[in-house]
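# Structural overview for review
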Amino acid sequence: AKWSDKQTEALAKLAKEFTLSTAQLEHLTSAFLDQMQSGLAGDHKSSDLAMIPTFVAGRPDGHERGSYLALDLGGTNLRVCLITLKGNHELESHSRAFKVSDHLQEAHISELMDFIAISIKEFITSEHISSKIVEHPSGSDTLELGFTFSFPVTQTAIDAGMLLRWTKGFSCPGAVGNDIVQLLQEALNRNEVNVHVAALVNDTVGTLLAHSYKHPNTFIGAIFGTGTNGAYVEATRSIKTMSHPTAKEMIVNIEWGNFDKDKRVLPVTPFDNKLDRESINPGVHVFEKMISGMYLGEITRNILLHLIDHRLLFDGTSSQKLNTHWAFETKFMSQIESDTSATLIPIAQILEQELGIYLNTQVDREIVKAVCQMVGKRAARLSAMATAAVVRRGLSVEGHFAGHGYPLKLSEGDHVFGARTGVHKNETATEGVHERTDSAVDHGGNLQQINVGIDGSVFEHYPHFKERMFEGLTELLGPRAKELVALGIATDGSGVGAALAALIATKHC
Ligand code: ADP
């Protein structure tokens with residue numbers, strides 16, 4: 001099968017638009033670091049990164065013990081878990097899901113909270129929880145609970161957060177502007193459930209904490225799922241938005257999905273702009289729209305339609321399904337990219353069954369696969385860019401990743417950083433990425449990896465996503481990026497992470 005000149009030409013043009021060079025990645029990394037810095041300083045005019053202090057000051061090292069409840073409300077399911085930390089990085093978890101009905105999503109907040117309190121009560125009784133509890137953390141028989149609440153809140157303490165607005169179809173009156181923890185605690189008291197709400201956490205923070213229990217060198221938590229976001233460990237003195245910091249370090253929720261929303265540096269294409277305009281939140285979360293599961297399929301669909309309209313694909317014929325907004329799922333891209341056969345017959349099956357495209361040639365299928373590769377690769381490289389920026393901030397700017405007794409060891413002679421190998425000669429960031437502070441250099445001289453805990457279907461299931469991220473990381477952090485950074489799948493950030501936040505809030509680890 002042979003591509004026509006026009007097809008070759010069109011694909012080359014697209015490839016040019018979607019390929020991110022090392023120089024572009026470098027430029028983006030600098031901008032990301034600048035926006036982190038201004039976000040931490042509270043300068044929201046020059047930063048799209050919210051850099052929210054989470055009041056989680058401390059990380060588990062895997063030796064903690066005890067039983068904690070976790071609650072996860074992020075959509076139509078409410079999940080209640082009992083997490084039993086066994087020490088030595090091991091844990092056990094029991095959980096149960098309760099459906100939040102359409103009625104409850106619009107009912108008064110006290111009705112929703114009563115439902116949650118009663119679900120917790122039911123879970124405790126039906127699961128014979130008391131027999132599974134190894135140790136009551138506070139010595140009393142009140143169970144401590146961590147709450148993963150995946151809606152926008154501003155926190156004023158680890159156990160206090162005001163709801164800014166509802167999203168994802170919820171609209172319960174009486175909640176916006178009020179403290180979610182207090183509302184839940186009141187409902188627990190009303191329903192005589194002996195549980196204390198100790199911590200409120202965002203899912204990214206939960207991911208970092210959960211990974212940290214198993215891999216103590218964890219400094220970054222990231223989500224590459226429906227959306228994308230990251231959290232990391234910052235030196236509290238750098239968080240200028242906090243008035244009286246007490247702890248040395250604190251987890252900061254970057255809210256990186258909103259990076260560069262005015263598209264000053266992100267190389268957006270007309271396909272990205274079309275998607276953004278037609279989205280429910282135009283003009284924000286532009287970075288997220290180039291990376292995450294909710295959007296990648298739609299970008300691909302827009303490109304395929306463009307090629308169809310130029311009669312370069314499927315002989316110029318689309319289908320009803322392919323013409324439908326959001327109908328091309330990111331999962332299809334995973335399936336398409338997985339097909340490595342010579343004739344690409346499996347892709348023909350996806351086109352037929354999922355998209356109603358019955359007539360397609362091998363050239364068509366090759367083009368569809370090439371388009372998925374461009375979009376998928378760009379997403380992975382942008383993900384690598386954000387990760388590399390946070391790694392650089394931690395190591396080069398503050399040096400605090402190593403400064404708190406955690407066993408991160410970097411030797412002076414190690415060429416782990418691009419900076420050491422000359423990759424960053426033209427680095428424009430002002431934060432001294434060329435120089436590591438002394439605290440980043442350990443006397444032991446050994447290099448130990450920084451663990452990044454990651455959750456989300458895109459990272460877990462999209463073929464080559466991780467390898468492509470490592471290609472980007474290598475370009476940005478130097479040839480030894482793989483030794484410096486470990487990307488691992490964090491399990492149950494919203495359950496285990498919330499339980500660990502409750503532990504940190506009540507015990508300090
Ligand atoms: P969430 O982020 O909502 O907690 P997930 O991590 O499962 O949940 O992410 C869901 C997103 O991942 C959806 O946008 C979906 O399109 C996408 N997705 C689901 N399966 C796959 C897959 N096999 N490959 C790539 N993306 C997928």
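Quick summary incoming for the structure in this document. (Residues numbered from 1 in each chain as written. Predicted model: local features only at pLDDT ≥ 70, side-chain atom pairs only at ≥ 80, totals over all residues. Heavy atoms only, no water.)

## Some words on the pattern of salt bridges
- The final tally for this structure, using the stated rule, is 21 salt bridges.
- Residue arginine 79 is joined to aspartate 72 by a salt bridge in which the shortest nitrogen-to-oxygen separation is 4.0 Å.
- Given a relative accessible area of 21%, arginine 79 falls into the partly exposed group.
- Taking the relative accessible area as the measure of exposure, aspartate 72 reaches 15% and is therefore buried.
- Residues joined by salt bridges that share partners form a network here, namely Asp48, Lys261, Asp262 and Arg264. (Salt bridge = Lys/Arg side-chain N within 4 Å of Asp/Glu carboxyl O. Buried < 20%, exposed > 50% of the residue type's maximum accessible area, 1.4 Å probe, protein only.)

## So, the site of the ligand
- Around the ligand sit Gly225, Thr226, Gly293, Met294, Thr330, Lys331, Ser334, Gly456, Ser457, Val458 and His461, and that is every residue in its neighbourhood.
- One of the backbone N or O atoms of methionine 294 is found 3.2 Å from an oxygen atom in the ligand.
- One nitrogen or oxygen atom from the side chain of serine 334 is found 2.6 Å from a nitrogen atom belonging to the ligand.
- Split into classes, the residues belonging to the shell around the ligand amount to 2 nonpolar, 8 polar and 1 charged. (Near = heavy atom within 4 Å. Polar contact = N/O pair within 3.5 Å; in protein donor to acceptor, adjacent residues only side chain to side chain. Nonpolar A, V, L, I, M, F, W, Y, C, P; charged D, E, K, R; others polar.)

## Thoughts on the pairing of strand 2 (residues 65-73)
- Along strand 2, 8 of the 9 residues are buried, which leaves the element largely enclosed by surrounding structure.
- Both strand 2 and strand 5 (residues 143-149) contribute to a ladder of 5 bridges, which runs parallel. What sits directly across from leucine 69, in strand 5, is leucine 145. (Helix = DSSP H or I, 4+ residues; strand = E, 2+ residues; numbered from the N terminus. Pairing = 2+ DSSP bridges.)

## A short note on the sheet that holds strand 11 (residues 249-253)
- With mixed pairing, 6 strands are arranged side by side in an open sheet as 1-11-10-9-12-13. Whereas interior strands pair on both sides, the edge strands pair on one side only; in this sheet they are strand 1 (52-53) and strand 13 (485-489).
- Sheet topology note: the strand 9 (residues 218-224)/strand 12 (residues 450-455) ladder contains 5 bridges and is parallel. In the sheet register, isoleucine 223 faces strand 12, and the bridge partner there is aspartate 455.
- This element, helix 7 (residues 203-214), spans strand 9, strand 10 (228-235), strand 11, strand 12 and strand 13 of the sheet and lies at about 130° to strand 9.
- Against the sheet, helix 16 (residues 465-477) engages strand 9 and strand 13, with an angle of about 160° to strand 13. (Contact = heavy atoms within 4.5 Å. Axes fitted to C-alpha atoms, helices over the stretch in contact; angles between N-to-C directions.)

## Some remarks on the nonpolar core
- Counting 116 residues, the largest nonpolar core has Phe32, Phe224, Trp256 and Leu307 as the members making the most contacts within it.
- No other element matches helix 13 (residues 362-398), which puts 19 residues into this core.
- Each residue touching phenylalanine 32, except ones within four places of it in the same chain, is listed here: Leu49, Ile254, Trp256, Phe259, Met385, Ala386, Ala389 and Val390.
- Grouped together as the second largest cluster of nonpolar side chains are 38 residues, Leu78, Leu82, Ile109 and Ile120 included. (Core = buried A, V, L, I, M, F, W, Y, C linked by side-chain atoms within 4.5 Å.)

Everything listed here is a matter of geometry and, on its own, says nothing about what the molecule does.
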